[in-house]
Amino acid sequence: MSSVVSMPEAVQKAVPVEPHAKACAVCHEAFVWFFPAARRRSHCDLCGKAVCNGCLHNEPLSFQEFRMCNTCRATSLPRLRGLLRYPWFHGRISRDEAERRLRTDSSALGDFLVRVAPDTEERPHHFHGGRHSSHDHAAMEGADMPLFILSVRNTPASVAHFPIRGQEGEYFLDRTANFSTIPELVASSMESDMLDRSAVVSADTHFPVCPTCTAALPTALTGSSDNHGDNGDGSSHQQGGGGLPEFCECGARLASTAEARKIFDNIGFEYLHHATTA
Ligand SMILES: [Zn+2]
Ligand SMILES: [Zn+2]
Ligand SMILES: [Zn+2]
């Protein structure tokens, strides 16, 4: 009943910045005058870019309904909702990348993260394959597509992916319980022992590129010790002294904070292993 919508910032709706654009800034399809309606020109209330109806989704923000493009929804919305400060929030990463982060040598049952599904992935009806996610299909499903996915190391061999449905004010995993915010949903699942420990990612486990957008990352932390080298030995568990930002501009988490990694290490594999198999 109580619709607690905590807004860290008041957000104003943007005016259109490209009123004469011929094509959608997100899907690059040409706009149409009338039909299909999904291809008509509209604009994102957050960035103001010209976007087709099919690439816009309704999201409540600052006590108003915003029509938001996929890009803003994946990057600005989590920031405005305050999700970036939670170690379990890994932003826009793929299913494969989530599984990689949950299957490291030090991960254990109950490790989890919450992520934003990339645009090309994880539509409700596509969970078991089917790669024909066309623009038309996306337009049809519209706002029903889950934006957030809870990924959990649920057995020694597998990672499960649960769509978080609903929107701010009423998120749910299944119909048995609603939560005003995603942090509340996560806290409740932790209390019920479904989730134990926030997955972490350290800068030094990366790749020279962002796992999501493949943008090149600063090379200082990718293992080549000649750059910015105040220590020669490749001690792998140091917080990158001035390296990767926590998040890429595309919305992917690139590194967890040193504090989050310390908590991860302190909770420890053995404890979780016994707790979850007892
Ligand atoms: Zn579009
Ligand atoms: Zn936008
Ligand atoms: Zn990126």
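Residues numbered from 1 in each chain as written. Chains lettered and ligands numbered in written order. Predicted model: local features only at pLDDT ≥ 70, side-chain atom pairs only at ≥ 80, totals over all residues.

### Section: the overall build of the protein
Piece 1. Along its length, the protein carries 6 helices and 10 strands.
Piece 2. With 278 residues in all, the protein has 33% of them scored as buried.
Piece 3. Of the contacts formed within the protein by residues at least 6 apart in sequence, a portion of 58% connects residues at least 24 apart. (Helix = DSSP H or I, 4+ residues; strand = E, 2+ residues; numbered from the N terminus. Buried ≥ 20, exposed ≤ 12 C-beta atoms within 10 Å, placed from the backbone. Contact = placed C-beta atoms within 7 Å.)

### Details of the pairing of strand β5 (residues 89-92)
Piece 1. Relative to strand β6 (residues 111-116), β5 runs parallel, the two being bridged by 3 bridges. For G91, the partnering residue across the bridge sits in β6 and is R115.
Piece 2. Each parallel crossover has a hand, and the one from β5 via helix α2 (residues 95-102) to β6 is right-handed. (Pairing = 2+ DSSP bridges. Right-handed = clockwise from strand over helix to strand, strands pointing away.)

### Some remarks on helix α1 (residues 70-80)
Piece 1. Burial analysis of α1 places 10 of its 11 residues in the buried class, the great majority of the element.
Piece 2. Among all positions of α1, only N70, T71, C72, R73, A74, T75, S76, L77, P78 and L80 are buried.
Piece 3. G82 sits one or two positions beyond α1 and adopts a positive phi of about 80 degrees.

### A word on unusual backbone geometry
Peptide bonds are mostly trans, and most non-glycine residues show a negative phi.
Piece 1. Omega for the bond connecting F35 with P36 falls within 30 degrees of zero, at 0 degrees, which places this linkage in the cis form.
Piece 2. With respect to the element layout, P36 can be found in the segment before β1 (41-43).
Piece 3. Despite not being glycine, S62 has its phi angle at roughly 50 degrees, a positive value.
Piece 4. Note on placement: S62 falls in the loop between β3 (56-61) and β4 (64-69).
Piece 5. Judged by the 13 C-beta atoms lying within 10 Å of it, S62 is partly exposed.
Piece 6. Notably, T214 is not glycine yet its phi reads approximately 60 degrees, a positive angle.
Piece 7. Take T214: it is sitting in the loop between β10 (197-198) and α5 (258-267).

### Focus: the confidence of the model for the protein
Piece 1. In the predicted model, the protein carries a mean pLDDT of 80, and the fraction of residues at 70 or more is 73%.
Piece 2. With pLDDT under 50 throughout, residues 122-143 is counted as low confidence; its partners more than four residues away or in other chains account for 23 contacts.
Piece 3. Below pLDDT 50 for its whole length, residues 221-242 participates in 22 contacts with residues either more than four positions away or in separate chains. (pLDDT = per-residue confidence, 0-100.)

### Describing the nonpolar core
Piece 1. By size, the foremost hydrophobic cluster in this structure holds 38 residues, and its most contacted members are V114, I182 and L254.
Piece 2. Among the elements of the structure, α2, β6, β7 (148-155), β8 (158-167) and α4 (182-191) are those that each provide at least two residues to this core.
Piece 3. Dropping the residues within four chain positions of it, I182 is found in contact with L83, V114, F148, I164 and Y171.
Piece 4. Counting 18 residues, the second-largest nonpolar core is a separate cluster that includes A38, C72, L77 and L80. (Core = buried A, V, L, I, M, F, W, Y, C linked by C-beta atoms within 7 Å.)

### Considering the environment of S189
Piece 1. Summarising the element assignment, S189 is placed in helix α4.
Piece 2. By C-beta crowding, S189 is classed as partly exposed, having 19 other C-beta atoms within 10 Å.
Piece 3. In this structure the C-alpha to C-alpha distance between S189 and L173, which are 16 residues apart in sequence, comes to 9.9 Å.
Piece 4. Ignoring anything within four residues of it in the chain, the contact list for S189 reads M194 and L195.

### What to know about the pairing of β3
Piece 1. The sheet contact formed by β3 and β4 spans 6 bridges and is antiparallel. Directly across from H57, in β4, lies its bridge partner M68.
Piece 2. Hairpin remark: β3 followed by β4, antiparallel, with 2 residues in the connecting loop; positive phi at S62, about 50 degrees.

### Observations concerning the environment of M68
Piece 1. Inspection of the secondary structure puts M68 in strand β4.
Piece 2. Through-space distance from the C-alpha of M68 to that of C47 is 8.1 Å; in sequence the pair is 21 residues apart.
Piece 3. When neighbours within four sequence positions are excluded, M68 is seen to be in contact with C44, D45, L46, L56, H57, E59, R73 and L77.

### What about the environment of H90?
Piece 1. Its location among the elements puts H90 in strand β5.
Piece 2. Along the primary structure H90 and L254 are separated by 164 residues, whereas in three dimensions their C-alpha atoms are 8.1 Å apart.
Piece 3. If we ignore the near neighbours within four places in the chain, the residues touching H90 are A98, R101, L113, V114, R115 and R253.

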